[in-house]
Amino acid sequence: MSTIDKIKELKEQRDAVILAHYYVNDEVQAIADYVGDSFYLSKIAAKEDAKTILFCGVSFMGESAKILSPQKTVLMPDMQADCPMAHMADIVKIQEMRDKYEDLAVVCYINSTARLKTYSDVCVTSSNALKIVQALPNEHIYFIPDENLGRYIASRLPDKHFIFNDGFCHVHTDISAENVKNAKEAHPQARILVHPECTPDVTALADYIGSTSGIIDFATANEAKEFIICTEMGVLYELKHKNPGKRFYSVGNHQFCPNMKRITLEKVADALEQMSNTIELEEDVRVRASKPLERMLELGS
Ligand code: 13P
Ligand code: SF4
């Protein structure tokens, strides 16, 4: 039996659905029930009826699914698939900021550990951060962990005072403005599509800035035929599938997230077969982390 047939059979037996982020390997996206950006996948995780969720992505995604759907079994194909940025904020610094500013909202990018979420007021993803921060009554915003997403949102909300944290995504910060300019010189007709985890000198060159889904939707709707893609190259699978007549260019050869690429079909089949790699969280942590995530779903919808 092929690995794909085995996965199909095990999915039925386990009453499982497979969620996959756009950055995982093409063949994994191809067998998933739902593929999307972080916000879409968290909404699916919160409302799906199946008993088991197999999350093809990194740890914070599986954790968020478990936080929002505690009654379900949440499996990860590879427990080592972790986002380094999810750990790049400090609880002591959060408390310092709370002591300094009475009117402080701690806004936590969903790319964060469950523990960091417990110290936060609201979670955001790249597709809803602007809407959510704008809706907050607070003037002072401590944005964790990603400095670049924080700076991008701050540039759009000049009436708020932002404090930044020095977290970053190595995949997106490796995309340099120089390489983007070179790609534009090579393809002058191409539109430049940028994820907001990129540095400000790269977002400054963009024709469009948005989440993975935003980038795919923009390229699909836009009349241009060529696009320079400034995010992880896993998005190419959906971009090419939806736009067979258009061309997509990278800006170097580092646009791969090694953690997302750990997910393989074999690991998907193994996790379903053994019901191994389950996400377990202390109930106290889960309940406290659910508050900012639920608030995100409420404000972001
Ligand atoms: P989005 O899919 O929300 O754009 O997130 C990008 C990302 O880095 C996920 O790890
Ligand atoms: Fe984390 Fe960046 Fe990989 Fe996304 S692409 S999981 S932010 S390291």
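Given the structure is predicted, the values throughout are model-derived calculations rather than measurements.

About the cut-offs
Residues numbered from 1 in each chain as written. Chains lettered and ligands numbered in written order. Predicted model: local features only at pLDDT ≥ 70, side-chain atom pairs only at ≥ 80, totals over all residues. Heavy atoms only, no water. Near = heavy atom within 4 Å. Nonpolar A, V, L, I, M, F, W, Y, C, P; charged D, E, K, R; others polar. Polar contact = N/O pair within 3.5 Å; in protein donor to acceptor, adjacent residues only side chain to side chain. Areas by Shrake-Rupley, 256 points an atom, 1.4 Å probe, with all protein chains shown as cover. Buried < 20%, exposed > 50% of the residue type's maximum accessible area, 1.4 Å probe, protein only. Helix = DSSP H or I, 4+ residues; strand = E, 2+ residues; numbered from the N terminus. Pairing = 2+ DSSP bridges. Axes fitted to C-alpha atoms, helices over the stretch in contact; angles between N-to-C directions. Contact = heavy atoms within 4.5 Å.

1. Remarks on the site of ligand 2
Part 1 of the argument: The local shell around ligand 2 consists of Tyr23, Val58, Cys83, Pro84, Met85, Asn111, Cys169, His170, Glu197, Cys257 and Met260.
Part 2 of the argument: Here the residues of the shell around ligand 2 are counted per class, giving eight nonpolar, two polar and one charged.

2. Section: the site of ligand 1
Part 1 of the argument: If you check the shell around ligand 1, you find 14 residues, and the closest are His21, Ser126, His195, Glu197 and Thr212.
Part 2 of the argument: In the model, an oxygen atom of ligand 1 is placed 3.0 Å from a nitrogen or oxygen of the Glu197 side chain.
Part 3 of the argument: Contacts to ligand 1 include Thr212, whose side-chain N or O atom sits 2.7 Å from an oxygen atom.
Part 4 of the argument: Here ligand 1 has 300 Å² of accessible area as a free molecule, and 97% of this is covered by the chains.

3. Here we look at helix α4 (residues 59-68)
Part 1 of the argument: Here α4 lies mainly inside the structure; ten of its ten residues are buried.
Part 2 of the argument: Among the residues making up α4, those that are buried are Ser59, Phe60, Met61, Gly62, Glu63, Ser64, Ala65, Lys66, Ile67 and Leu68.

4. Thoughts on the sheet that holds strand β6 (residues 122-124)
Part 1 of the argument: Strand order in the open sheet formed by four strands is β6-β5-β7-β8, and the pairing between neighbours is parallel. Edge strands, defined here as strands with exactly one partner in the open sheet, are β6 and β8 (161-164). Taking the axes of each pair of neighbouring strands and ignoring which way they run, one obtains an average angle of 30 degrees across the sheet.
Part 2 of the argument: One ladder, built from four bridges, connects strand β7 (residues 140-144) with β8; its direction is parallel. Bridge assignment links Ile141 to a residue of β8, and that residue is Phe162.
Part 3 of the argument: On the sheet, helix α8 (residues 147-156) packs against β5 (104-109), β7 and β8 and is oriented at approximately 170 degrees with respect to β8.

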